[in-house]
Amino acid sequence: MTGRGKPPPPGPIRPYEFPPVADEPLGNGMRVRVVQKQPLGLVTAMVVLRAGESAAPAGCEGLAVLAGDALEGGTTRLSSVELACRLEDIGASFGAATGWDSTTVAVSCLADNLVDALPLLAEMVRSPAFDQAEFDRYKAQRLATAAHRRMDPASLAADFHARSIYGDGDTYARPLGGTEASLGALEADHARQYAAARYGPARAAVVVVGDVESEEVRQLADREFGDWGEQSANPPEAVVAGREPGRSIHVVHRPGSVQSEIRVGHVGVSRFIEDYLPLTVVNLVLGGSFSSRLNLNLREHHGFTYGVRSTFAARRNRGPFVVSTAVENSVTAAAVREIFREVEALSESGPTADEVQTATSYLAGVFPLRMESTGQVASRIAGLIVFGLPVDYYRDYRDRIREVTREQAVAAARRHIRPRELCTVVVGDAEAVAPGLEDLKIGPVTIHDLQS
Amino acid sequence: MRGMIEVEEHTLANGLRLVMAPDLTTPVTSVNLWYGVGSRNEAPGRTGFAHLFEHMMFQGSAHVPRNGHFQLIEEVGGSANATTWFDRTNYFETVPSHHLDLALWLESDRMGWMLPAMNGEKLENQRQVVMNERKERYDNQPYGDWDERIQALLFPETHPYHHSVIGTLEDIAAATLDDVRDFFSTYYLPNNAVLSICGDFDPDHARDRVEHYFGAIQPGPDPPAIPGIDQIPFSTGATLREDVPGAVPLPRVYAAARVPPFTTDLFYPGDVVAHCLGTGRTSRLYDRLVRRRLAKSASCHLLPLTSGASLFMVIATGFPDTDVDDLETAVTTELDNAVTLTEEAVERAVTGAETRMLRALQQVATRADLLSMYATHFGDATRLNDDLGRLRQVTLDEVRSWSRNHLNPGNRALVRYIPEQSS
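Since the model is a prediction, treat every value here as computed from it, not as a measurement. (Residues numbered from 1 in each chain as written. Chains lettered and ligands numbered in written order. Predicted model: local features only at pLDDT ≥ 70, side-chain atom pairs only at ≥ 80, totals over all residues.)

A. Quick look at the domain arrangement of chain A. All names here are of chain A. Considered domain by domain, chain A is made up of domain 1 (22-225) and domain 2 (248-449). Taken over C-alpha atoms, the centre of domain 1 sits 28 Å from the centre of domain 2. Listed by partner, the interface residues are 35 residues for domain 1 and 26 residues for domain 2. Put simply, the parts of the chain that give the side of domain 1 that touches domain 2 at least two residues each are strand S2 (31-36), strand S3 (42-49), strand S5 (103-110), helix H5 (153-165) and strand S6 (205-210). Looking at which element gives the most residues to the side of domain 1 that touches domain 2, the answer is H5, with 10 residues. Each residue belonging to the side of domain 1 that touches domain 2 can be placed in one class, and the counts come to 20 nonpolar, 9 polar and 6 charged. (Domains from an automatic or database assignment. Contact = placed C-beta atoms within 7 Å. Helix = DSSP H or I, 4+ residues; strand = E, 2+ residues; numbered from the N terminus. Nonpolar A, V, L, I, M, F, W, Y, C, P; charged D, E, K, R; others polar.)

B. Looking closely at the interface of chain B and chain A. Residue-level contacts link 61 residues of chain B with 61 residues of chain A. Those elements that place two or more of their residues in the side of chain B that touches chain A are helix H2 (68-75), strand S5 (89-96), helix H3 (100-113), helix H4 (120-139) and helix H12 (343-361) of chain B. If you tally residues by element for the side of chain B that touches chain A, the top one is H12 of chain B, at 9 residues. Looking at the side of chain B that touches chain A, its residues break down into 21 nonpolar, 24 polar and 16 charged.

C. Quick peek at the sheet that holds strand S8 (residues 259-267) of chain A. All names here are of chain A. Strand order across the open sheet formed by 6 strands is S9-S10-S8-S11-S7-S12, with mixed pairing between neighbours. A strand with exactly one partner marks an edge of an open sheet, and here the two such strands are strand S9 (305-312) and strand S12 (445-449). When strand polarity is set aside, the average angle formed by the axes of neighbouring strands in this sheet is 15°. Relative to strand S11 (residues 423-428), S8 runs antiparallel, the two being bridged by 5 bridges. (Pairing = 2+ DSSP bridges. Axes fitted to C-alpha atoms, helices over the stretch in contact; angles between N-to-C directions.)

D. Quick look at the domain arrangement of chain B. Residue and element names in this part refer to chain B. Splitting chain B by domain gives domain 1 (8-214) and domain 2 (239-419). Averaged C-alpha coordinates put domain 1 and domain 2 at centres separated by 27 Å. On the side of domain 2, 29 residues touch domain 1, which itself brings 33 residues to the contact. Breaking the side of domain 1 that touches domain 2 down by element, the ones donating at least two residues are strand S2 (17-22), strand S3 (28-35), S5, helix H5 (146-154) and strand S6 (193-199).

E. Molecular detail of the nonpolar core. One finds Ala45, Ala117 and Leu121 of chain A together with Val314 of chain B to be the most contacted residues of the largest nonpolar core, which totals 140 residues. A total of 8 residues in this core trace back to one element, the largest contributor, which is helix H3 (residues 114-126) of chain A. Residues contacting Leu121 of chain A, with those up to four places away along its chain left out, are Ala45, Val47, Val105 and Val107 of chain A. (Core = buried A, V, L, I, M, F, W, Y, C linked by C-beta atoms within 7 Å. Buried ≥ 20, exposed ≤ 12 C-beta atoms within 10 Å, placed from the backbone.)

F. Examining H3 of chain A more closely. Residues and elements named next belong to chain A. Here H3 is 13 residues long and its end C-alpha atoms lie 18 Å apart, about the 18 Å a rise of 1.5 Å per residue gives. For H3, every residue scored as buried is listed here: Leu114, Ala117, Leu118, Leu120, Leu121, Ala122, Met124 and Val125. Among the structural elements, S3, helix H2 (80-89), S5 and helix H8 (214-225) are those in contact with the buried residues of H3. (Expected span 1.5 Å × (residues − 1).)

G. Representation of the sheet that holds S3 of chain A within the structure. Residue and element names in this part refer to chain A. Here we have 6 strands laid out as an open sheet, ordered S1-S2-S6-S3-S5-S4, and mixed in their pairing. This sheet does not close on itself; its edge strands, each paired only once, are strand S1 (22-23) and strand S4 (93-98). The sheet contact formed by S3 and S6 spans 6 bridges and is antiparallel. Bridging across to S6, Thr44 finds its partner in Val209. Helix-sheet contacts for H8 involve S1, S2 and S6, and the interaxial angle to S2 is about 150°. Running over the sheet, helix H13 (residues 374-387) touches S2, S3, S5 and S6 and is turned about 20° from S3.

H. Highlighting the packing of H12 of chain B against helix H14 (residues 383-393) of chain B. Residue and element names in this part refer to chain B. Across the interface, H12 lies against H14 with an axial gap of 10 Å and an inter-helix angle of 170°. By the angle between their directions, the pair H12 and H14 is classed as roughly antiparallel. Where H12 approaches H14, its residues Val350, Ala353, Glu354 and Met357 are matched on the opposing element by Leu388, Leu391 and Arg392. Class assignment of the residues belonging to the contact of H12 with H14 gives a composition of 5 nonpolar, no polar and 2 charged. (Parallel < 35°, antiparallel > 145°, perpendicular 65-115°, else oblique.)

I. Inspection of unusual backbone geometry at higher detail. Although it is not a glycine, Phe130 of chain A sits at a positive phi angle of roughly 45°. Within the fold, Phe130 of chain A resides in the loop between H3 and helix H4 (132-151). Classification of Phe130 of chain A as buried rests on a count of 24 C-beta atoms within 10 Å. Not every positive phi belongs to a glycine, and Tyr143 of chain B is a case in point at roughly 65°. Here Tyr143 of chain B shows up in the loop between H4 and H5.

J. Here's a closer look at the pairing of strand S11 (residues 412-419) of chain B. All names here are of chain B. The buried fraction of S11 is high, at 7 of 8 residues. Sheet topology note: the strand S7 (residues 239-246)/S11 ladder contains 8 bridges and is parallel. Its bridge partner lying in S11, Gly246 is registered against Pro419. Relative to S11, strand S8 (residues 252-259) runs antiparallel, the two being bridged by 5 bridges. Looking at the pairing, Tyr254 lines up with Val415 of S11.

K. Just the environment of Glu9 of chain B, in detail. All names here are of chain B. When you line up the elements, Glu9 lands in strand S1 (residues 8-11). When the C-alpha positions of Glu9 and Arg207 are compared, they lie 10 Å apart, and in sequence the two are 198 residues distant. In this structure Glu9 touches Arg17, Leu18, Val19 and Ala381, once residues within four positions along its chain are discounted.

L. How the structure looks around the environment of Thr446 of chain A. Residues and elements named next belong to chain A. With respect to the helices and strands, the residue Thr446 is situated in strand S12. Along the sequence, Thr446 and Ala122 sit 324 residues apart, while their C-alpha atoms lie 51 Å from each other. Among all residues touching Thr446, those that are not within four sequence positions of it are Ser248 and His250.

M. Local environment of the packing of H2 of chain A against H3 of chain A. All names here are of chain A. At a minimum axis separation of 10 Å, H2 and H3 run at an interaxial angle of 155°. When the axis of H2 is compared with that of H3, the two are roughly antiparallel. In this structure, the crossing between H2 and H3 has a hand that is left-handed. Only Ala117, Leu120 and Met124 of H3 make contact with H2, whose side of the interface consists of Leu83, Arg86 and Leu87. A per-class count over the contact of H2 with H3 returns 5 nonpolar, no polar and 1 charged. (Left-handed = near helix turned anticlockwise from the far one by under 90°.)

Structure follows, in structure tokens:
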């Protein structure tokens with residue numbers, strides 16, 4: 001067949017522009033950001049609060065997450081059931097999500113129903129009841145989740161790794177949702193105090209994306225949030241002191257495991273570093289795509305695993321850099337060896353010019369693929385608020401990605417990947433895997449009981 | 001009607017069905033292929049093969065090097081993947097719209113020219129990958145093997161849904177290169193596939209390119225009948241049960257029923273029941289199990305399966321101190337009580353389903369996949385546009401009689417995961 005021998009050339013490129021973002025704060029400082037989008041008549045409205053788990057007081061770990069959950073538990077006017085009925089009668093989906101740096105509460109519905117949904121969203125955020133019985137219900141759910149994490153090998157590995165790379169007093173050393181001990185001590189009053197201190201118009205935003213008029217949305221937002229009283233104190237930031245750097249391997253003994261959950265990494269970067277885009281390129285090459293070095297090596301060359309990936313978690317303080325995978329017992333040591341080989345090679349020489357070209361082309365290309373739904377766009381805009389990035393950040397994002405050079409990527413790899421500080425956690429059968437890990441001579445191997 | 005999708009359908013001379021739905025909103029195009037083959041087609045002793053074969057489809061074809069598929073798509077900023085399920089296997093790429101030709105070329109190359117690139121070394125490699133997938137997702141995961149247990153309990157050994165999509169390690173180990181060749185020649189035929197294209201493209205150009213890339217691929221005989229007996233009564237005769245004591249943190253109950261398949265009109269009342277029971281904060285299971293702290297979480301699912309019967313299922317997870325018998329009673333009480341669902345609950349469930357469907361349709365990849373599904377199972381992609389209407393037409397009487405007929409204790413399989421005391 002003519003032309004079958006090689007990939008066909010692209011057709012004429014069609015321009016893509018991130019839609020304009022209307023941005024005008026209310027009198028109390030709360031931001032209102034509106035994006036007009038979509039022929040399907042949908043809308044997503046999201047309140048973004050700079051009230052994340054990092055701001056939970058010591059001894060109250062998990063409080064921000066639990067308070068976020070409990071926002072669904074009713075307001076001073078409406079019970080949890082009444083609130084759910086009003087929203088679901090108009091076909092709306094709703095929910096709160098809490099991370100290290102923010103709590104977001106979102107409603108998604110037909111744009112025609114925004115006029116009914118936004119007041120309910122505002123009521124959830126401004127007048128939560130934090131009824132003790134409802135609070136206890138969410139608390140019991142979070143406690144059960146924490147119990148689950150202790151027995152789920154992937155969660156266990158992630159939590160143990162965080163504990164191993166961060167210092168004892170570091171915020172990110174603990175699981176986002178708190179521990180059974182910290183959750184056990186929380187009461188509805190804690191949530192009330194937390195919300196009073198952290199939920200407020202300053203540094204907060206309402207983001208509305210969909211088939212709407214920005215002026216109408218602004219008026220609606222002004223009506224619902226304009227008289228929300230000022231709360232001024234800056235939220236406390238996450239603490240990161242780290243640990244004494246040095247390579248170590250921790251095996252969490254899970255007798256009878258047929259696989260090892262592996263995590264390799266160290267304390268990474270904050271979202272505020274200047275070379276965030278070059279580092280994004282570096283991570284894509286290492287383990288951020290199917291065709292990454294790690295995946296081609298461990299999966300497609302060696303057949304060690306179903307998949308392997310690397311991430312630099314973007315947070316306001318230095319989130320973890322982690323390579324994660326699950327492999328059979330017999331190849332556990334070999335997989336760790338290959339991970340070290342790839343991480344060391346990339347930190348030493350950085351990506352090749354071809355790899356940088358492929359990675360930047362990928363990142364620029366997939367950007368519009370991830371901006372199709374109102375929820376996707378709203379989440380991106382919420383991220384800008386959380387990290388204090390400019391409102392027009394995404395307008396020329398793709399150009400800035402394409403401008404990343406090999407030199408910048410090499411420098412980012414050298415600066416932010418530190419092979420001498422890689423900490424390895426393996427959750428698996430220690431009897432089967434520890435001897436091989438010892439033989440690697442990477443660093444001291446410590447075996448831990450599952451319960452520790 | 002809101003969300004109405006304009007669809008153009010053609011059939012090529014070799015039997016390949018083409019479904020096109022242009023939408024110029026975003027310069028993104030999705031290409032989606034459904035092959036009419038899934039785990040239901042697997043021969044005895046070859047469970048998991050349809051899925052292993054799906055992995056082999058990424059190992060190159062006559063003009064595409066090994067891993068070239070992902071590399072070429074990622075280089076242009078696209079995404080690609082595939083999934084295997086009971087009745088079908090789907091392959092999809094979403095790309096910046098000016099790279100539509102690349103996606104079509106890649107899909108056509110493996111549909112027409114896959115076998116020349118196959119060898120034993122590639123099979124060994126992907127066999128290891130898939131065995132690791134099984135271990136990661138099933139064997140080393142609390143509750144990981146639930147679907148295997150539910151399927152084995154609910155469907156008799158003679159039924160094509162008796163075994164899981166992932167298959168057993170023994171069967172995965174037994175697969176040969178000859179199996180790969182036979183499977184390809186039997187099922188990977190243009191006349192056993194639907195190709196859907198959604199998003200930003202010109203239909204005339206796309207149709208021309210599809211003819212160009214796929215037109216020369218030879219059709220084959222209709223695939224053989226599904227092994228086993230797919231017609232079974234929507235009744236298990238009694239409540240079937242299996243208790244799984246083990247290293248799980250929380251008690252969990254899976255309750256399943258055999259119900260009318262996706263391709264019958266009786267599917268729609270079932271869909272409404274599933275939404276009433278399990279979707280949202282006003283649903284019965286949330287209201288009566290989660291709000292009352294009988295369960296940490298509870299959900300309800302009706303799968304769109306087509307071979308004789310489909311699978312209706314409730315999943316409820318308890319707290320560490322929940323007695324599994326209490327959890328079971330809470331679940332079965334709600335199954336028994338579905339006959340008392342109200343007009344209000346039905347109305348709310350359908351309203352919610354409409355909005356959720358529109359939300360899903362925002363993404364061209366979802367749209368393309370749904371069009372392929374309707375074209376494959378009904379021979380008519382435009383049925384997607386009627387589906388919400390069908391849900392709207394379901395009456396309360398139909399909801400109640402469906403519940404009476406299908407959610408009773410004589411049509412039930414229960415798998416209970418029970419935490420062991422020592423852990």
